[in-house]
Amino acid sequence: MSGFGITAGASFAIAAAMLLVRLGWAGRRGAAAVGWVVTVTALIVLTVRDGAWGLAIGTVVGLVAALAIVLHAGWVAPIKTRKPARVPASITLPRGRGAFARRLAVFVLVVPVGFVAAQWLAFGIQALARRAGAVEADAVALTLFLQPLLWACLMAWQMTRANAARMIAPPASAAVLGTLLWGIA
């Protein structure tokens, strides 16, 4: 088989495999698994045959096939009628002291308390890095890098909690961990 024939055959296999994955969406999980195995195998063949170029061709073919399947599914799907929400909760102002207090508590716990807890944990990691022999500039750069990353993780963790009382645990855990790391250093 010629080089073009291998590339064309593997590309066709990837496109057909995307159809198998689509069948998996309908509940035929075995078909989806077979589709992914065929896709990975064809991508390996293309990569061994043509290197990065073959991998790029296979990836683009798979993306185009998947996009075509999604567009077709969207085109033939029936239009659903939805009733508008009576009061969109995310944009209405709180209507009482209790609702306002809850929103204020969430804000305070997520923004300033989460920020301070993330900073404290970053300082604990910085102290541990210095203890391990990191130079001053590296330790400070580590802190400047970690603080917003830790804060984002804390915010994501907090915002998945059901109420404000449960939002206390993430920053408290970060602060305790930062204190422990500082104590170890």
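We now turn to the structure provided with this report. Computed from a predicted model, the values in this text were never measured in an experiment.

Conventions and cut-offs
Residue numbers run consecutively from 1 along every chain, following the written order of its sequence. The predicted nature of this model means local features are confined to residues of pLDDT at least 70 and side-chain atom pairs, given and counted, to a pLDDT of 80 or more, with totals for whole chains, interfaces and linings taken over all residues. Processing note: side-chain calculations cover all non-hydrogen atoms of the structure and skip hydrogens and water entirely. Helix numbering and strand numbering both begin at the N terminus, where a helix is a DSSP run of H or I of at least 4 residues and a strand a DSSP run of E of at least 2. Radius of gyration: over C-alpha atoms. The globule rule applied is 2.2 Å multiplied by the number of residues raised to the 0.38 power. Partly exposed residues are those whose accessible area sits between 20% and 50% of the maximum for their type, while under 20% is buried and over 50% is exposed, using a 1.4 Å probe and protein chains only. The criterion is simple. A nonpolar core is a set of buried Ala, Val, Leu, Ile, Met, Phe, Trp, Tyr and Cys residues joined through side-chain atoms within 4.5 Å. The contact criterion used is simple: two residues touch if any of their non-hydrogen atoms lie within 4.5 Å. Surface patches are drawn from residues lacking salt bridges whose relative accessible area is over 30%; two like charges belong together within 9 Å, two nonpolar side chains (Val, Leu, Ile, Met, Phe, Trp, Tyr) within 5 Å. Accessible surface area values rest on a Shrake-Rupley calculation with a 1.4 Å probe, where residue burial reflects the displayed protein chains alone. When a carboxyl oxygen of Asp or Glu is within 4 Å of a side-chain nitrogen of Lys or Arg, the pair counts as a salt bridge. To obtain each axis, a line is fitted to C-alpha atoms, and for helices this fit is confined to the stretch in contact; angles are then taken between N-to-C directions over 0 to 180 degrees. Crossing handedness: left-handed means the near helix sits turned counterclockwise from the far one by under a right angle, and right-handed means the same turn made clockwise. Polar here means any residue other than Ala, Val, Leu, Ile, Met, Phe, Trp, Tyr, Cys and Pro, which are nonpolar, and Asp, Glu, Lys and Arg, which are charged; Gly is therefore polar. In this scheme, a helix's expected span is set at 1.5 Å multiplied by one less than its residue total. Think of it as the arc spanned by the lines of direction from the helix axis to the C-beta atoms.

What about the overall build of the protein?
Here's step 1: Looking only at helices and strands, one finds six helices and zero strands in the protein.
Here's step 2: Ordered by position from N to C terminus, the α and β elements of the protein give α-α-α-α-α-α.
Here's step 3: For the protein, whose C-alpha radius of gyration is 26 Å, the value lies well above the compact-globule estimate of 16 Å for 185 residues.
Here's step 4: Once the C-alpha set of the protein is aligned to its principal axes, its extents read approximately 65 × 60 × 25 Å.
Here's step 5: In the protein, buried positions account for 25% of the 185 residues.

Notes on the nonpolar core
Side chains of nonpolar character tend, in soluble globular proteins, to be buried together.
Here's step 1: Of all hydrophobic cores here, the largest spans nine residues; its members are A117, A118, L121, A122, L146, L150, L154, A174 and L181.
Here's step 2: Listed by contribution, the elements that provide at least two residues to this core are α4 (97-131), α5 (136-159) and α6 (169-184).
Here's step 3: If one sorts the elements of this core by residue count, α4 sits on top with four residues.
Here's step 4: Those residues in contact with L121, other than ones at most four positions away along the chain, are L150, A174, L177, G178 and L181.

Focus on a nonpolar patch on the surface
Here's step 1: Together, F100, L104, F107, V108 and V113 line one region of the surface with nonpolar side chains, adding up to about 440 Å² of accessible area.
Here's step 2: If you trace the backbone, V113 turns up in helix α4.

Some points on the packing of helix α2 (residues 29-50) against helix α3 (residues 52-76)
Here's step 1: It is the contact of α2 with α3, at a shortest axis distance of 6 Å, that shows an interaxial angle of 150°. When you trace α2 past α3, the crossing you get is right-handed. Residues L43, L46, T47 and D50 of α2 lie in contact with α3, whose contacting residues are A52, W53, G54, L55, G58 and T59.
Here's step 2: Partitioned by chemical class, the residues of the contact of α2 with α3 number five nonpolar, four polar and one charged.

With respect to α2
Here's step 1: End to end, α2 covers 31 Å across 22 residues, agreeing with the expected 32 Å (1.5 Å per residue, within 8%).
Here's step 2: Three or more residues of α2 are buried, namely A31, A32, G35, T39, A42, L43 and L46. Within α2, the buried residues cover an arc of 105° as seen down the axis, which keeps them to one side. Projecting away from the buried face of α2 at angles above 90 degrees are the exposed residues R29, V37, I44 and V48.
Here's step 3: Looking at the residues trailing α2, positive phi occurs at G51, about 70°.

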